[in-house]
Amino acid sequence: MAAIWIDRERCVGCGLCVRACPQGAASLSGGKACVGEDCIGCGLCLSACPKGALKRREPDRSGPSEGWRGVLTVAEVRQGEIQPAALELLAKARQLALQLGGAPVSALLLAEEGQAQAQTLIDHGADVVYLRQGPGMNQALEDVWTQAAEQAVRRAKPEILLFSATEFGRSLAPRLAARLQTGLTADCTALEIDGQTGLLRQTRPAFGGNLMATIQCPAGRPQMATVRPGTFASEPPQARQGQVETLPETPGQGRVQLLSQQPAEQSAGIETADIIVAAGRGIGAQKNMEEVYRLARLLGGQAAVSRPLADAGWAPYERQVGQTGKTVAPKLYLAFGISGAVQHLAGVGGAETVVAVNSDPEAPIFQSAHYAVVGDCLQVIRRMIRRLEG
């Protein structure tokens, strides 16, 4: 359904809205304006219309008292494997469901053949798995995924809908929110139920990570959020009984066809690394990043950076840790030359052991470190390399 509707009695067929529409969604038919499904609701046509004939369509404001209940998570499957972030979402979903008085927890699974993966989701906390399977489900076709996800949401009517803030989730969630005409809070780092209102409190970085914003969606349903991988811990699987509901395939194909695909270069993978060697401005120069990578390889871990180094181009953004980067939970986090701003520490909260090296004895990171070394970080890196190679 288009986000704009036409008052045909006021419309004079001048065509100004057609020229103003950047999507080509507006047209003239029978001397009157009409709006197609490609409308994104930008509103440019509203200001172009001299007669005020175009209006925004009011979204569905139905709330939880009208049948919306429970928590639905969307599970990401890559190369036939359920991603760890999907299991993290289920663990958090169960916590939220308990706060809502024992509401049901469900998961949406899009897979070519998903019976085995469905049981994995049940063992990790799903009461019901909505399974949409078929040959097109393993292809990166967002319009097909969105259609299937909307089908599941219409059936489950969840009060809360959660996605992982991966490329998959960041692409699918806003498309679905537009179809459902509800709100979406992206890149959340905390979720909790408001004890007074029962609404989902969604916390995320704002203004470049300089403060945290807590957002609520009191009217639209479901309440939608994407969550950074690594923000919550997954629970060990248990032998559980659950229900699998297979969603029927809908007729027709998506507007895009996948002709071929080629695997991208392997990403840094810092979200799942057990050991991370992180560098900040204290390493002095870009050329010193070579030694950071070297130490990370010797330890069998991954190299990471703070935001200033990613902004300067010393390392790709996929290696940035912090509020505006990745959230990590390694067994060992080695921080070299990182001052410890709150924005960076927000991404390291899940680390089991933090070792900080900084020449400034008053560096804030020492307050969060399990072990603190006051000294030149490059000297420490080089001594560790010599010891490991020696």
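Data block above holds the structure.
For clarity, every value in this text was computed on a predicted model and none was experimentally measured. (Residues numbered from 1 in each chain as written. Predicted model: local features only at pLDDT ≥ 70, side-chain atom pairs only at ≥ 80, totals over all residues. Heavy atoms only, no water.)

Undergrad: Tell me what's going on with the overall build of the chain, and back it up with residues and numbers.
TA: Looking only at helices and strands, one finds 10 helices and 21 strands in the chain. Counting only residues that meet the buried cut, the chain has 46% of its 390 residues in that class. If you take every contact in the chain between residues at least 6 apart in sequence, the share linking residues at least 24 apart comes to 62%. Carbon and sulfur atoms make up 48% of the accessible area of the chain, which amounts to about 19800 Å² in all. Charge separation in the chain, taken as the distance between the mean sites of 38 positive and 37 negative side-chain charges, equals 6 Å. (Helix = DSSP H or I, 4+ residues; strand = E, 2+ residues; numbered from the N terminus. Buried < 20%, exposed > 50% of the residue type's maximum accessible area, 1.4 Å probe, protein only. Contact = heavy atoms within 4.5 Å. Areas by Shrake-Rupley, 256 points an atom, 1.4 Å probe, with all protein chains shown as cover. Lys, Arg positive; Asp, Glu negative; His and termini not counted. Charge placed at Lys NZ, Arg CZ, Asp CG, Glu CD.)

Undergrad: Report on the side chain of Gln-202, specifying residues and quantitative values.
TA: As for its position among the elements, Gln-202 is in strand β13 (residues 200-206). A polar side-chain atom of Gln-202 sits 3.1 Å from a polar atom in the side chain of Thr-185. If we skip the residues at most four places from it in the chain, Gln-202 touches Thr-185, Cys-188, Ala-190, Leu-191, Ala-213, Thr-214, Ile-215, Gln-216, Cys-217, Met-224 and Ala-225. (Polar contact = N/O pair within 3.5 Å; in protein donor to acceptor, adjacent residues only side chain to side chain.)

Undergrad: Would you mind going over the packing of helix α5 (residues 142-156) against helix α6 (residues 167-180) in detail, with residue names and values included?
TA: Taken N-terminus to C-terminus, the directions of α5 and α6 make an angle of 55 degrees; their axes are 9 Å apart at the nearest point. Relative to α6, the element α5 lies oblique. Helix-helix and strand crossings are classified by hand; for α5 and α6 the assignment is right-handed. Note on element contacts: α6 touches α5 through Phe-168, Ser-171, Leu-172, Arg-175, Leu-176, Arg-179 and Leu-180, opposite Glu-142, Asp-143, Trp-145, Thr-146, Gln-147, Ala-149, Glu-150, Val-153 and Arg-154. A per-class count over the contact of α5 with α6 returns 7 nonpolar, 3 polar and 6 charged. (Axes fitted to C-alpha atoms, helices over the stretch in contact; angles between N-to-C directions. Parallel < 35°, antiparallel > 145°, perpendicular 65-115°, else oblique. Left-handed = near helix turned anticlockwise from the far one by under 90°. Nonpolar A, V, L, I, M, F, W, Y, C, P; charged D, E, K, R; others polar.)

Undergrad: Explain unusual backbone geometry to me, and be specific about the residues and the numbers.
TA: With glycine set apart, most residues show a phi of negative sign, and most peptide bonds adopt trans. Backbone torsion omega between Arg-221 and Pro-222 reads 0 degrees, so that peptide bond is classified as cis. One non-glycine residue, Asp-187, adopts positive backbone phi at about 65 degrees. Along the chain, Asp-187 turns up in strand β11 (residues 184-188). Judged by its relative accessible area of 15%, Asp-187 falls in the buried class.

Undergrad: Which residues make up the pairing of strand β10 (residues 160-164), and what values go with them?
TA: Side-chain direction in a regular strand flips from residue to residue, so the side chains alternate between the two faces of the sheet. In terms of residue burial, β10 counts as a mostly covered element, since 5 of its 5 residues are buried. Summarising the sheet, strand β5 (residues 71-75) and β10 pair through 3 bridges and their orientation is parallel. Bridged to Leu-72 within β10 is Leu-161. Here β10 runs beside strand β15 (residues 223-227); their pairing, made up of 5 bridges, is parallel. Pairing of Leu-162 across the sheet is with Ala-225, part of β15. (Pairing = 2+ DSSP bridges.)

Undergrad: Any chance you could break down helix α10 (residues 377-389) for me, citing the residues and the numbers?
TA: With 13 residues, α10 should reach 18 Å at 1.5 Å per residue; the first-to-last C-alpha distance of 18 Å fits that figure. Every buried residue of α10 is listed here: Cys-377, Leu-378, Ile-381 and Ile-385. The buried side chains of α10 occupy one side of the element, clustering within an arc of 100 degrees when seen end-on. What points out from α10, more than 90 degrees from its buried face, is the exposed set Gln-379, Arg-383, Arg-386 and Arg-387. Packed against the buried residues of α10 are α7 (289-299), β19 (332-336) and β20 (353-358). (Expected span 1.5 Å × (residues − 1). Arc of directions from axis to C-beta.)

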